[in-house]
Amino acid sequence: MSAQTINRRGPVPYTVAIVFALVFVAPLVLAILTSLKSPAEITRVLSVPTELYWQNYATAFERMGRSLLNSILITAPAVVLSIAIGCVAAYPLAFMHGRGGRFTYFVLLTGMLVPFQIVQIPLFFLIRSIGLYDTIGGLWLVHTAYAIPFCTFFMRNFFSSVPRSMYEAARIDGCSAASYFWRLLLPASASGLSALAIIQSRAIWNDLLFGMTLTSSDNARPATVAIAGFASSLQVEYGPLMAATLVSTVPVMLAFLIFQKSFVRGLLGGSGK
Amino acid sequence: MAHMPAKAGWSRTTLTFAGFLALPVALFAVFFLYPIVSTFYLSLHDWDGVAQNMRFIGLRNYWVLSAQPRFYHAVLNNISWLVFMLLGPTALGLLLAAVLDRGLRGERAFRIIFFLPFTIPAVAVAAIWRWVYEPSNGLLTTLMRNVGLGEFAQNWLGDPGVVNFALMGAVLWWTTGFAFLVFFAGLRNIPVELLEAARIEGATPWQSFWRVSFPLLWPSTIIVLGISAIDAMRLFDIVWATTSGGPAYASEVLATQMYDVAFGRFEMGRASAISVYLLLIAGVVIMPYIAYMSRRVADSEAD
């Protein structure tokens, strides 16, 4: 709203927006069209399918097997757990004064600079030795643990944007530190929590690395790993591959479209300070 | 701490806080500190991941790597990715946000379109762009042929000199949405009065953007740059799923090289040494950011 009143609109902004919108949409349109074409038509890239060839989707579901269900079973609990642990860590760090809190925060933040690839070898042996290799539970644990730095950072920022006077007033009224967290702080942080939920859903649903290292069968293999395997076979069939790809993008895309507003609001709560 | 009623109350609060921190800190120790120490330990050994004994070989893995062109190539690729991730998606995201902030008709639709690719998994981005870049019937080559530029079409993912630019194109499409949204939200947060004042003083839209809006976007900018640097160091999924580092290691980054050496060739010690190098580079690049962010905490506490 701010700038509308001030800047004159000319043809230039529209041209820029439309050109980039076309470029951004083209690969997705291509994927949708390809997923509905029969093998005979597939090489005619720019044409519209003469009839809708749903067989590609049937093949995609058949080849992905259980992996889609696994992805759901992995993502939903892992998102909740990772947010929970982020909140639990962020609360004391947002309200503690002094060196201890600041040092702990700094140490947890350094986790953000660790590229996750570098822990894969010890992690593989660790998870195998505690019997969680190729299990969904193992992926819950791993996704929760590796989310700690970012979730703590995000919620710590959000909690400190909640007015401090609220905390002090509640404490003077005799509210304990723990009940302030449950009864006042969490309900006041709904937009931050939902923004983080979307970020985490994307990160966990889209993960390839941990899935590759820590699963080996349909027991726990997520959709991303299944698609990667599917795509690297020698003779790539783009029809079923595009169908599988589109199916795998739907859940997170829908989540973003539905919760877009609270996502933007939550981002601002954390960064607008 | 003036509001704390008594010393007993203070220590109970401290205990509660310590209780809250116990589990996250324990998990951090097990999943971050232990594997890092263990990776360093492994990097001093020759081990295939199976044998009972690992052979201690000191720093030899580091020596061998530092003489390998394949390793240097991956380091250089990581550095070009870092530069690209800091500049590319950030600049395009800022441009799109500034354009949309002018109150275009259909703003909502544009916003969704610019943001959508960011929600897609890396493997899906890889699958889609492999089809876009397919050398004989792919979208890009076909489009170029149709407008008479067919002779400039390349074997996008098969030519070592082209593959990295092709991957960067895919990543630009994939990640710009995030920078765009953060900048867009930041622009909406700028008080109208400031822009009014600039206009009244005769600033052109161009001037008021660079002199007023952009400096006030600093909180958005720092988030976008920080996340980009972190993503550049973690770059793995998209490269692995699109080219697996090929052709002939041309698109390899340290993370994919490490994965190939560890889980493809079972040279755990050598792979760990690559990991340690990667951690050191990531530390040098990202530590200033972390220090800045945690200092910002101290500033905000002082308010």
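Residues numbered from 1 in each chain as written. Chains lettered and ligands numbered in written order. Predicted model: local features only at pLDDT ≥ 70, side-chain atom pairs only at ≥ 80, totals over all residues. Heavy atoms only, no water.

1. Brief notes about the environment of Tyr14 of chain A
Then step 1. Residue placement: Tyr14 of chain A occurs in helix H1 (residues 11–35).
Then step 2. Once you skip the residues sitting within four places of it in the chain, Tyr14 of chain A turns out to touch Leu104 and Arg105 of chain B. (Helix = DSSP H or I, 4+ residues; strand = E, 2+ residues; numbered from the N terminus. Contact = heavy atoms within 4.5 Å.)

2. Some details on the nonpolar core
It is characteristic of soluble globular proteins that their nonpolar side chains tend to be buried jointly.
Then step 1. One finds Tyr91, Tyr146, Phe159, Tyr180 and Phe263 of chain A together with Phe31 and Trp81 of chain B to be the most contacted residues of the largest nonpolar core, which totals 197 residues.
Then step 2. Top contributing element to this core by residue count: helix H7 (residues 163–188) of chain B, with 16 residues.
Then step 3. Not counting the four nearest positions on each side in its chain, Tyr146 of chain A is found in contact with Phe116, Val119, Leu123 and Phe210 of chain A together with Phe31, Phe32 and Pro35 of chain B. (Core = buried A, V, L, I, M, F, W, Y, C linked by side-chain atoms within 4.5 Å. Buried < 20%, exposed > 50% of the residue type's maximum accessible area, 1.4 Å probe, protein only.)

3. Describing the UniProt feature "domain: ABC transmembrane type-1" (unreviewed entry) in chain B
Then step 1. The sites that carry the UniProt feature "domain: ABC transmembrane type-1" (unreviewed entry) are, in the present numbering, residues 75–289 of chain B.
Then step 2. In the segment residues 75–289 of chain B, helix accounts for 73% and strand for 0%; the C-alpha atoms at its two ends are 21 Å apart. (UniProt positions renumbered as here; feature names shortened; annotations may be inferred.)

4. Description of empty space enclosed by the protein
Then step 1. Under the criterion given, the structure shown has seven cavities of 30 Å³ or more.
Then step 2. By volume, the largest cavity is sized at about 1100 Å³.
Then step 3. Taken together, 41 residues make up the lining of the largest cavity; nearest its centre are Phe116, Arg202 and Ala203 of chain A together with Asp231 and Arg234 of chain B.
Then step 4. Within the residue set of the lining of the largest cavity, elements represented by two or more residues are helix H6 (136–161), helix H9 (190–205), helix H10 (209–214) and helix H12 (238–271) of chain A together with helix H3 (69–100), H7, helix H10 (218–234) and helix H11 (237–242) of chain B.
Then step 5. Each residue belonging to the lining of the largest cavity can be placed in one class, and the counts come to 29 nonpolar, seven polar and five charged. (1 Å grid on protein atoms, 1.4 Å probe; cavity = no way out; pocket = protein on both sides within 12 Å on 5 of 7 lines; lining within 4 Å. Points joined across faces, edges and corners; volume = space filled by probe spheres on them. Nonpolar A, V, L, I, M, F, W, Y, C, P; charged D, E, K, R; others polar.)

5. Notes on the confidence of the model for chain A
All names here are of chain A.
Then step 1. Overall, the predicted model of chain A reaches an average pLDDT of 86, with 94% of residues at or above 70.
Then step 2. Across chain A, element-level confidence peaks in helix H3 (residues 67–95) with a mean pLDDT of 93 and bottoms out in H12 with 81.
Then step 3. With pLDDT under 50 throughout, residues 1–7 is counted as low confidence; its partners more than four residues away or in other chains account for 17 contacts. (pLDDT = per-residue confidence, 0-100.)

6. Here we look at the UniProt feature "transmembrane region" (unreviewed entry) in chain B
Residue and element names in this part refer to chain B.
Then step 1. In the numbering used here, UniProt assigns the feature "transmembrane region" (unreviewed entry) to residues 12–37, 79–100, 112–132, 165–187, 208–230 and 274–292.
Then step 2. Within residues 112–132, the helical portion is 71% and the strand portion 0%, while the C-alpha atoms at the span's ends are 22 Å from each other.
Then step 3. Summarising residues 274–292: 100% helix, 0% strand, and an end-to-end C-alpha distance of 27 Å.

7. Digging into the domain arrangement of chain A
Residue and element names in this part refer to chain A.
Then step 1. Assigned domains within chain A: domain 1 (11–53) and domain 2 (60–271).
Then step 2. Counting residues at the interface gives five residues for domain 1 and five residues for domain 2.
Then step 3. Summed over the three residues of domain 1 that lose the most area to domain 2, namely Ala31, Thr34 and Ser35, the buried surface amounts to 62% of that side.
Then step 4. At the junction of domain 1 with domain 2, the criterion picks out zero salt bridges.
Then step 5. Its residues placed into classes, the side of domain 1 that touches domain 2 shows three nonpolar, two polar and no charged. (Domains from an automatic or database assignment. Buried area = accessible area lost by both parts, 1.4 Å probe. Salt bridge = Lys/Arg side-chain N within 4 Å of Asp/Glu carboxyl O.)

8. Describing the domain arrangement of chain B
All names here are of chain B.
Then step 1. Here chain B is described as being made up of domain 1 (82–251) and domain 2 (253–303).
Then step 2. A straight line from the C-alpha centre of domain 1 to that of domain 2 covers 24 Å.
Then step 3. Taken together, the contact pairs 14 residues of domain 1 with 14 residues of domain 2.
Then step 4. Across the domain 1/domain 2 interface, buried area totals approximately 1200 Å², and carbon plus sulfur atoms make up 77% of it.
Then step 5. Where domain 1 meets domain 2, there are zero salt bridges.

9. Topic: the interface of chain B and chain A
Then step 1. Listed by partner, the interface residues are 111 residues for chain B and 111 residues for chain A.
Then step 2. Across the chain B to chain A interface the summed buried area is about 10300 Å²; carbon plus sulfur atoms make up 77%.
Then step 3. It is Phe20, Phe31 and Trp131 of chain B in chain B that bury the most area against chain A; as a group they hold 8% of the surface buried on that side.
Then step 4. For the pair chain B and chain A, the interface holds zero salt bridges.
Then step 5. Applying the counting rule to chain B against chain A returns 14 residue pairs in polar contact (both at pLDDT 80 or more).
Then step 6. A total of 20 residues in the side of chain B that touches chain A trace back to one element, the largest contributor, which is helix H1 (residues 7–42) of chain B. (Polar contact = N/O pair within 3.5 Å; in protein donor to acceptor, adjacent residues only side chain to side chain.)

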